[in-house]
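Letter by letter, the chains look like this.
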Amino acid sequence: MNTAGHSEATERRGLELNPFRGLRYDPDRVGSLAAVTSPPYDVVVRPDGVHHLQSADPHNIVRLILPQAGTPSAGTEQAADTLHRWQAEGILTTDPEPGLYVYEQHDGNGMLQRGVIGALRVSEPSEGVVLPHEEVMPPVVADRAALMRATSANLEPLLLTYRGNGTAAEVVEQAADRPPLLATTTEDGFHHRLWSVTDPSEVARVQSDLAHHQALIADGHHRWATYLRLRAEHASPSPWDYGLVLLVDTARYPLRVRAIHRLLHGLPVAEALAAVQDHFRVRRLDVPLPQAQEALADAACAGNAFVLAGDGAFHLIDRPDPDLLARTVPADRPAAWRTLDATVLHATLLDHVWRIPEDSNAHIAYIHDAAATVAKAERAGSTAVLLHPVHEEVVRDLARQGVTMPRKSTSFGPKPASGLVLRALDI
């Protein structure tokens, strides 16, 4: 896809971010704001993570984003009933006037991220305004769509990035000098603050600046695909023409990029290693996880590399057979895509060597935390596949070419906490 074409499209119609009346927890009605927040739905490690969050506070947002019921339809109905009950009881209240929301996260160790939350006009990838970089799994989109239909709400913001360093960033900085609407510290050590920007001139400055930019989906491909599906189901204009997002200017606040690891159900490590030994170099690493990840990082500098775990040790596999790659990796994509670890994992290892279908949760789980992936593999006698992260510019360059990466290839962060501000579409 022509990058110049993207630029022209962006100039004609760029990011369109609108204020909205946020739905937020009343701090006087809950134990603490930290106790009602959650990581994004796909980062919560289930089922233990769900149980932990549910027990943190009876009103934790996980009861809306990951309802636990006997069937999926019962779960979505339960989430809708819970949301409406919390609104009726005043647990969740609507802000008096529409605004954009400036959101800050910092960990006390130098990581500071600020961005603006608003209702963004939903656009197709072909418009070149919001660029996806990963493929999605239809069952997950169907699940998120059912939940959004039932609740008539955007329950958690997507994370989008753009490179601006203009007047929108200035408004964000100015807002951060004012007293916040809320401030809390979550159990992961991150401090969160939120401000409302309601002054029409400040809102206009943000909107005018963003109208000249395109954004990359950093986290939330399935929810963006859900926004597109639900927009198509409703006659325009409607509130479904817009979706809740957090936009972070990475010219000011670079994001961290981490890998998303794989848990291969039912495949013991011994079998996985036996299948790859003729195609990769295999080395056993009798070291702790941090050192195994350092060895993976070193090996990844020279080519495709992975760490397998689940049997009490770590096994570094690298230097894949070039002939095998030539036979298994599609040749009709850019070189940057063909050499991705995620591409080789899916096209070569999963499809060809291990013959594991990737279209079912019965075979593969995608987990953001390396230690959790290893622990689950060891408990189940399965195989954990640890990956090394790619650089943001590689992701952005592929997205501008219209090339999507294999699903769950990257984890950008820090991700926004769910539960600080929601968007109800019937307000």
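Every value quoted in this text rests on a predicted model; they were computed, and no experiment measured them.

Caption draft 1: Main features of the sheet that holds strand S18 (residues 364-367). Within the open sheet, the 6 strands sit side by side as S15-S17-S16-S19-S14-S18. Their pairing is antiparallel. Every other strand in the sheet has two partners, leaving strand S15 (281-285) and S18 as the edge strands with one partner each. Here the strands of the sheet are splayed against their neighbours by 25 degrees on average, with no regard to which way each runs. Bridging between strand S16 (residues 305-309) and strand S19 (residues 383-386) involves 3 bridges; their strand directions are antiparallel. When the bridges of S19 are listed, Leu308 appears paired with Val385. The sheet strands contacting helix H14 (residues 341-353) are strand S14 (261-264), S16, strand S17 (314-318), S18 and S19, and the helix crosses S16 at an angle near 60 degrees. This element, helix H15 (residues 370-380), spans S14, S16, S17, S18 and S19 of the sheet and lies at about 160 degrees to S19.

Caption draft 2: Layout of the packing of helix H7 (residues 167-175) against helix H8 (residues 200-210). It is at 7 Å that the axes of H7 and H8 come closest, and there the two elements cross at 145 degrees. Mapping the contact onto sequence places Thr167, Ala168, Ala169, Glu170, Val171 and Gln174 in H7 and Glu202, Arg205, Val206, Asp209 and Leu210 in H8. Each residue belonging to the contact of H7 with H8 can be placed in one class, and the counts come to 5 nonpolar, 2 polar and 4 charged.

Caption draft 3: The arrangement of the packing of helix H6 (residues 138-151) against helix H9 (residues 221-233) in detail. Between H6 and H9, the least distance of the axes is 9 Å, while the angle of their chain directions is 60 degrees. Classified by the interaxial angle, the pair formed by H6 and H9 is oblique. For the element pair H6 and H9, the recorded crossing hand is right-handed. Across from Val140, Val141, Ala142, Arg144, Ala145, Met148 and Arg149 in H6, the residues of H9 making contact are His222, Arg223, Ala225, Thr226, Tyr227, Arg229, Leu230 and Glu233. Among the residues making up the contact of H6 with H9, the classes are represented as 8 nonpolar, 2 polar and 5 charged.

Caption draft 4: Main features of helix H11 (residues 289-300). The terminal C-alpha atoms of H11 lie 16 Å apart, and with 12 residues this matches the ideal 16 Å at 1.5 Å per residue to within 8%. Taken as a whole, H11 has its buried residues at Leu289, Ala292, Leu296 and Ala299. Projection of H11 onto a plane perpendicular to its axis shows the buried side chains occupying an angular sector of 80 degrees, all on one side. Residues of H11 that are buried in the fold lie against S15, S16, S17, H15 and S19.

Caption draft 5: Looking closely at the pattern of salt bridges. With the rule as written, the count across this model stands at 22 salt bridges. Arg121 serves as the salt-bridge partner of Glu127, at 3.2 Å between the closest nitrogen and oxygen. The buried category is assigned to Arg121, whose relative accessible area is 9%. With a closest N to O distance of 3.3 Å, Arg231 and Glu124 form a salt bridge. Of this pair, Arg231 sits in helix H9 while Glu124 is found in the loop between strand S5 (112-121) and strand S6 (130-131), placing the two residues 107 residues apart along the sequence. Where salt bridges share partners, they join Glu104, Arg114, Glu173, Arg193 and Arg252 into one cluster.

Caption draft 6: The arrangement of H8 in detail. Within H8 the residues assigned to the buried category are Glu202, Val203, Val206, Asp209 and Leu210. In a view along the axis of H8, the buried residues occupy a sector of 135 degrees, so they form one face of it. Where H8 is buried, its residues touch strand S1 (17-18), strand S4 (100-106), strand S8 (158-162), H7, strand S10 (191-197) and strand S12 (242-249).

Caption draft 7: Layout of the pairing of strand S11 (residues 215-219). The element S11 is extensively covered by neighbouring structure, given that 5 of its 5 residues are classed as buried. Examined bridge by bridge, S6 and S11 share 2 bridges and lie parallel to one another. Note on S11: the bridge partner recorded for Leu131 is Leu216. Pairing of S8 with S11 involves 3 bridges; the strand directions are antiparallel. Directly across from Leu160, in S11, lies its bridge partner Ile217.

Caption draft 8: Quick peek at the side chain of Asp57. The topology assignment puts Asp57 in the loop between helix H3 (48-56) and helix H4 (62-65). Here Gly31 takes part through its backbone nitrogen, which lies 3.1 Å from a polar atom of the side chain of Asp57.

Caption draft 9: Representation of the side chain of His221 within the structure. Residue placement: His221 occurs in helix H9. With relative accessibility at 7%, the residue His221 sits in the buried group. Setting aside anything within four residues of it in sequence, one finds His221 in contact with Pro132, His133, Glu134 and Val136.

Caption draft 10: Local environment of unusual backbone geometry. With an omega of 0 degrees, the peptide bond between Ser236 and Pro237 qualifies as cis. By the element assignment, Pro237 lies in the loop between H9 and S12. The residue after Gly413, namely Pro414, is reached through a cis peptide bond having omega 5 degrees. With respect to the secondary-structure elements, Pro414 resides in the loop between strand S20 (411-413) and strand S21 (423-424). For Asn165, which is not glycine, the phi dihedral falls at a positive 60 degrees. With respect to the helices, strands and loops of the structure, Asn165 is situated in the loop between S8 and H7.

Caption draft 11: The confidence of the model for the protein, seen in detail. In this model, the protein carries an average pLDDT of 91, and 95% of its residues clear a pLDDT of 70 or more. Confidence drops under pLDDT 50 across residues 1-11; counting only partners more than four residues distant or on other chains, this segment forms 17 contacts.

The rules we used
- Residues numbered from 1 in each chain as written.
- Predicted model: local features only at pLDDT ≥ 70, side-chain atom pairs only at ≥ 80, totals over all residues.
- Heavy atoms only, no water.
- Pairing = 2+ DSSP bridges.
- Helix = DSSP H or I, 4+ residues; strand = E, 2+ residues; numbered from the N terminus.
- Axes fitted to C-alpha atoms, helices over the stretch in contact; angles between N-to-C directions.
- Contact = heavy atoms within 4.5 Å.
- Nonpolar A, V, L, I, M, F, W, Y, C, P; charged D, E, K, R; others polar.
- Parallel < 35°, antiparallel > 145°, perpendicular 65-115°, else oblique.
- Left-handed = near helix turned anticlockwise from the far one by under 90°.
- Expected span 1.5 Å × (residues − 1).
- Buried < 20%, exposed > 50% of the residue type's maximum accessible area, 1.4 Å probe, protein only.
- Arc of directions from axis to C-beta.
- Salt bridge = Lys/Arg side-chain N within 4 Å of Asp/Glu carboxyl O.
- Polar contact = N/O pair within 3.5 Å; in protein donor to acceptor, adjacent residues only side chain to side chain.
- pLDDT = per-residue confidence, 0-100.

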